[in-house]
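This is what each chain is made of:
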Amino acid sequence: MKKRFYTIGSLICAGLLAVFGFGSCKSGKALQAERTRLTTQADSLTRRLADLEGQLENTMERIARLQADTHLAMYGGPNMTEEERREMMRAVEQKERAAREALKVEQANEQKLKSEIVQTRERFSDVSTQLYQLNNK
């Protein structure tokens, strides 16, 4: 008998609380939801920045390797014919041209990554500012 009274009593109390609207303040829940959203966004931007900086570092290493490959040395013996020398010159020029083109692509990629890093840092700064203002309310 005692258990049933407590069960019915707690149901009645819960019903009264729901009817009168106690505990249903949305502003606290909305602030918490916004805080969670901004924190998640800040974490995502932090991971994106780390990823972009890693990609930029790899791109810079590829650029350094390609710059070293743009100037190739030719080795030919004294017994080479004129035709063999021309063929070797053509092969070296093709390799240098290909290295220069690849270098241009990598440099464009570098600029794109740097631009994206700047934009991501700006978004992170905005989110951090919003989160700071929200925490001070």
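Residues numbered from 1 in each chain as written. Predicted model: local features only at pLDDT ≥ 70, side-chain atom pairs only at ≥ 80, totals over all residues. Heavy atoms only, no water.

A.B. asks: Now, about the overall build of the chain: what can you tell me, with residues and values included?
C.D. replies: Secondary structure summary: the chain contains 3 helices and 0 strands in total. Taken from the N to the C terminus, the helices and strands of the chain come in the order α-α-α. Taking all 137 residues of the chain together, the buried fraction comes to 17%. Contacts in the chain between residues at least 24 apart in sequence constitute 82% of all its contacts with a sequence separation of at least 6. Counting every atom, the chain has about 10,700 Å² of accessible surface; 58% of that belongs to carbon and sulfur. (Helix = DSSP H or I, 4+ residues; strand = E, 2+ residues; numbered from the N terminus. Buried < 20%, exposed > 50% of the residue type's maximum accessible area, 1.4 Å probe, protein only. Contact = heavy atoms within 4.5 Å. Areas by Shrake-Rupley, 256 points an atom, 1.4 Å probe, with all protein chains shown as cover.)

A.B. asks: Which residues make up the nonpolar core, and what values go with them?
C.D. replies: Buried together is how nonpolar side chains tend to be arranged in soluble globular proteins. Core analysis: the biggest nonpolar cluster contains 6 residues, these being L38, A42, L45, V127, L131 and L134. Secondary-structure elements contributing two or more residues to this core are α2 (26-69) and α3 (82-135). Setting aside residues up to four positions removed in sequence, A42 forms contacts with F124 and V127. L49, L56, L113 and I117 belong to the second largest nonpolar core, which has 5 residues in total. (Core = buried A, V, L, I, M, F, W, Y, C linked by side-chain atoms within 4.5 Å.)

A.B. asks: Account for the side chain of E96, with residues named and values stated.
C.D. replies: With respect to the helices and strands, the residue E96 is situated in helix α3. Look past the residues within four positions of E96 in its chain and what remains in contact with it is T70, H71 and L72.

A.B. asks: Run through the pattern of salt bridges, naming residues and quoting values.
C.D. replies: In total, this model carries 10 salt bridges according to the counting rule given. The residue E53 makes a salt bridge to R121 at a minimum N-O spacing of 2.6 Å. With E53 in helix α2 and R121 in helix α3, this pair connects stretches of sequence that are 68 residues apart. We classify E53 as partly exposed; its relative accessible area is 36%. (Salt bridge = Lys/Arg side-chain N within 4 Å of Asp/Glu carboxyl O.)

A.B. asks: An account of the side chain of E106 is needed here, citing residue identities and associated values.
C.D. replies: Mapped onto the fold, E106 is located in helix α3. Look at E106 and you get buried, because its relative accessible area is 15%. Those residues in contact with E106 that lie beyond four places of it in its chain are T59, R62, I63 and L66.

A.B. asks: Explain the environment of R97 to me, and be specific about the residues and the numbers.
C.D. replies: Looking at where R97 falls in the secondary structure, it is placed in helix α3. Sequence-wise, R97 and H71 are 26 residues apart; in three dimensions their C-alpha atoms are separated by 9.9 Å.

A.B. asks: Any details on the confidence of the model for the chain? Residues and values, ideally.
C.D. replies: Looking at the chain as a whole, its pLDDT mean stands at 83, while 81% of the residues score no less than 70. At the low end of the mean pLDDT range in the chain sits helix α1 (residues 2-20), at 62; at the high end sits α3, at 91. (pLDDT = per-residue confidence, 0-100.)

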